[in-house]
Amino acid sequence: MKERDFYALVAYDGGNQGFRHEIVRKSTAELPPGDVLIQVKYSSLNYKDALSASGNHGVTKHYPHTPGIDAAGRVVFSTNPTWQAGDEVLCTGYDLGMNTAGGFGQCIRVPASWVVRKPRGLSLLESMRIGTAGFTAAQCLLHLEQHGLGPDKGPILVTGATGGVGTVALMLLHKLGYQIIAVTGKQAEHSALLAMGVTEVLDRHEFLADSEKQLLPARWAGAIDTLGGKPLSVAVKGAAFDGVVTCCGNAASGDLPLTVYPFILRGIHLIGVYSANCPMAKRLHIWDKLAGEWKLDLTPICRTVQLGDLGAAIDAMLAGQSKGRWVVDLEEAV
Ligand SMILES: NC(=O)c1ccc[n+]([C@@H]2O[C@H](COP(=O)([O-])OP(=O)(O)OC[C@H]3O[C@@H](n4cnc5c(N)ncnc54)[C@H](OP(=O)(O)O)[C@@H]3O)[C@@H](O)[C@H]2O)c1
């Protein structure tokens, strides 16, 4: 295979000067070994990418590095017979964008086992509007339903409601007929959340007011928490008997201040969600749902940026000011 040049966003460790990122011309010869070379058409920005781009060693250990845990594009070359040049494919999670050069580059090379055929009901662009954030929201909802919840069981709480995971979660819940209680730190977004079908919006400070108590009045049948810390503890303490709470994020904190009482007095189920290593059969099932009966029009909550505009989006995300989803269009790199 003839090597080719491409553009990528590269994050550098500037020591005392902090981390910086630049758009750099690279060669496919610099990509890690792997079975499948993919020309990336679209990626998306997730919280983990913002952490990787800003030097979080829990996500990325070695720099210079190209973040981007999501990629959608066409196979250029494959040593594995499952994949042929021209196939439209997705790659989300695994080690992509963590310590493997990721989707903020116009080419990636990955193991064949990480690659998913683009679902028939989605375009490459639509798949990256969903991206890891939307996939994770769907995974959380699947867990709630597998543990017996449904629209008739009571409202579902969603924290970090204006973020990527939160927004897709509440759109899925609304599509399926659930009542939704949304928690946000953004006062200005209350009416927009109500317009999206949310039943009740709680201000984050108000929501956390009684967070020191061991148990709270039961108000929701289940919760999709994206924040960790006190918000997750309130989600657990305020869930009704046999309630189901999914935990996927740490945007507020990695701590979890809880006692055993919600578990031994109300039988609450706390379910951890990690999309990156989601087994392939479950991964394909979730993508099928997102391309079929759970298909959403995410256009209104997505902004499309090019590599050169990603810096501002990353800063907004790290400051907790991001809203909805960011798609990265790699056709025009800069
Ligand atoms: N486990 C997995 O597989 C998986 C997959 C995807 C994402 N995640 C995690 O899920 C979380 C959300 O990801 P995302 O892509 O939705 O991020 P995002 O788009 O940046 O959204 C996070 C939202 O959380 C709220 N928030 C931010 N900082 C906060 C703080 N310090 N305290 C309280 N609330 C805060 C904000 O919403 P409001 O202003 O509306 O409150 C913000 O919009 C992240 O921790 C991410 O790492 C995990």
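Residue numbers restart at each chain and count upward from 1, following the sequence in its written direction. Thresholds applied to this predicted model are a pLDDT of at least 70 for local features of residues and 80 or more for the giving and counting of side-chain atom pairs; totals over whole chains, interfaces and linings are not thresholded and use all residues. In computing side-chain properties, one takes all heavy atoms of the structure into account and sets aside hydrogens as well as water.

Participant: Would you take a moment to explain the site of the ligand for this structure?
Facilitator: Only heavy atoms are used to decide nearness, and a residue is near a molecule or strand if one of them lies within 4 Å of it. Around the ligand, the surrounding shell holds 26 residues, and the nearest of these are T162, V165, T184, V273 and S275. N or O atoms within 3.5 Å of each other form a polar contact, as long as, within protein, one can give a hydrogen and the other can take it, and as long as residues adjacent in sequence are counted only when both atoms are side-chain atoms. Here an oxygen atom of the ligand and a backbone polar atom of A251 are 3.2 Å apart. Computed with a 1.4 Å probe, the accessible areas rest on the Shrake-Rupley method; for each residue, only the protein chains presented here act as cover. Compared with its free state, where it exposes 910 Å², the ligand has 88% of that area covered by protein. We place a 1 Å grid over just the protein atoms. Points where a 1.4 Å probe fits but has no way out form a cavity, open points with protein on both sides within 12 Å along at least 5 of 7 lines form a pocket, and any residue with an atom within 4 Å of a point lines it. Think of it this way: a molecule belongs to a cavity or pocket when more than half its atoms come within 2 Å of the grid points there. Counting atoms within 2 Å of the grid points, the majority share of the ligand lands in the largest pocket. Helix and strand labels come from DSSP, where a helix needs a run of H or I of at least four residues and a strand needs a run of E of at least two; each type is numbered from the N terminus. The set of elements that each furnish at least two residues to the shell around the ligand consists of helix 2 (124–146) and helix 3 (164–175). Amino acid classes used here: Ala, Val, Leu, Ile, Met, Phe, Trp, Tyr, Cys and Pro are nonpolar; Asp, Glu, Lys and Arg are charged; the rest, including Gly, are polar. A breakdown of the residues in the shell around the ligand according to their chemical character gives 10 nonpolar, 14 polar and 2 charged. Domain ranges listed in this record stem from an automatic or a database domain assignment. Both domains that furnish three or more residues to the shell around the ligand are identified here as domain 1 (5–118 + 298–329) and domain 2 (132–272).

Participant: Hey, could you run me through the layout of surface pockets in this one?
Facilitator: One water molecule sets the probe size; rolling that probe over the atoms shows where empty space is left. Grid points are joined across faces, edges and corners, and a volume is the space filled by probe spheres set on the points. Approximately 1,100 Å³ is the volume attributed to the largest pocket. Surrounding the largest pocket, 49 residues form its lining, Y47, T226, G249, N250 and A251 being those nearest its centre. Secondary structure elements with two or more residues in the lining of the largest pocket: helix 1 (47–53), helix 2, helix 3, strand 9 (180–184) and helix 9 (310–318). Ranked by residue count, the leading element in the lining of the largest pocket is helix 2, at 4 residues. Residues that form the lining of the largest pocket fall into these classes: 23 nonpolar, 21 polar and 5 charged.

Participant: Would you explain the side chain of D329 in this entry?
Facilitator: Along the chain, D329 falls in strand 15 (residues 325–329). The buried label goes to any residue with under 20% of its type's maximum accessible area, the exposed label to any with over 50%, and the partly exposed label to all in between, with areas taken from a 1.4 Å probe on protein chains only. Asp and Glu are treated as the negative residues and Lys and Arg as the positive ones, with His and the ends of the chain left uncounted. Here a salt bridge means any side-chain nitrogen of Lys or Arg lying within 4 Å of a carboxyl oxygen belonging to Asp or Glu. Buried charge without a partner: D329 forms no salt bridge, and the closest opposite charge is K41, 8.4 Å away. Polar contacts involving the side chain of D329 include one to the main-chain amide nitrogen of E331, which spans 2.9 Å. Residues contacting D329, with those up to four places away along its chain left out, are K41, Y42, T304, V305 and Q306. The contact criterion used is simple: two residues touch if any of their non-hydrogen atoms lie within 4.5 Å.

Participant: How should the domain arrangement of the chain be read in this particular structure?
Facilitator: Domain assignment breaks the chain into domain 1 (5–118 + 298–329) and domain 2 (132–272). The C-alpha centroid of domain 2 is placed 29 Å from the C-alpha centroid of domain 1. Counting from both sides, the interface comprises 14 residues of domain 1 and, opposite them, 13 residues of domain 2. For any pair of parts, buried area is found by adding up, for both, the accessible area (1.4 Å probe) each one loses once the two are put together. Both faces considered, domain 1 and domain 2 share a buried interface measuring about 980 Å² in area, 59% of it formed by carbon and sulfur atoms. At the surface where domain 1 touches domain 2, the tally comes to 1 salt bridge. Where K323 meets E189, a salt bridge forms, and the shortest distance between an N and an O atom there is 3.1 Å. Across the contact surface, domain 1 and domain 2 share 6 residue pairs in polar contact (both at pLDDT 80 or more). Class assignment of the residues belonging to the side of domain 1 that touches domain 2 gives a composition of 4 nonpolar, 7 polar and 3 charged.

Participant: Teacher, can you tell me more about the side chain of S211 here?
Facilitator: Mapped onto the secondary structure, S211 falls in the loop between helix 5 (204–207) and strand 11 (220–225). Here S211 is in contact with K230, S233, V234 and K237, once residues within four sequence places are set aside.

Participant: Could you clarify how one ought to interpret the pairing of strand 9 in this entry?
Facilitator: Successive side chains on a regular strand alternate, one facing one side of the sheet and the next facing the other. Among the 5 residues of strand 9, 5 are classified as buried, and the element is accordingly described as predominantly covered. Side chains I180, A182 and T184 project from strand 9 onto one buried face, and the interleaved I181 and V183 project onto a second face that is buried too. Pairing of strand 8 (residues 156–158) with strand 9, which is carried by 3 bridges, proceeds in the parallel orientation. Within the sheet, the bridge partner assigned to I156 lies in strand 9 and is I180. Read as a crossover between parallel neighbours, the route from strand 8 over helix 3 to strand 9 is right-handed. Orienting the strands away from the viewer, one traces the path from the first strand over the helix to the second; a clockwise path indicates a right-handed crossover. Handedness of the strand 9-helix 4 (residues 190–195)-strand 10 (residues 200–203) crossover: right-handed. If DSSP finds at least two bridges between two strands, the strands pair.

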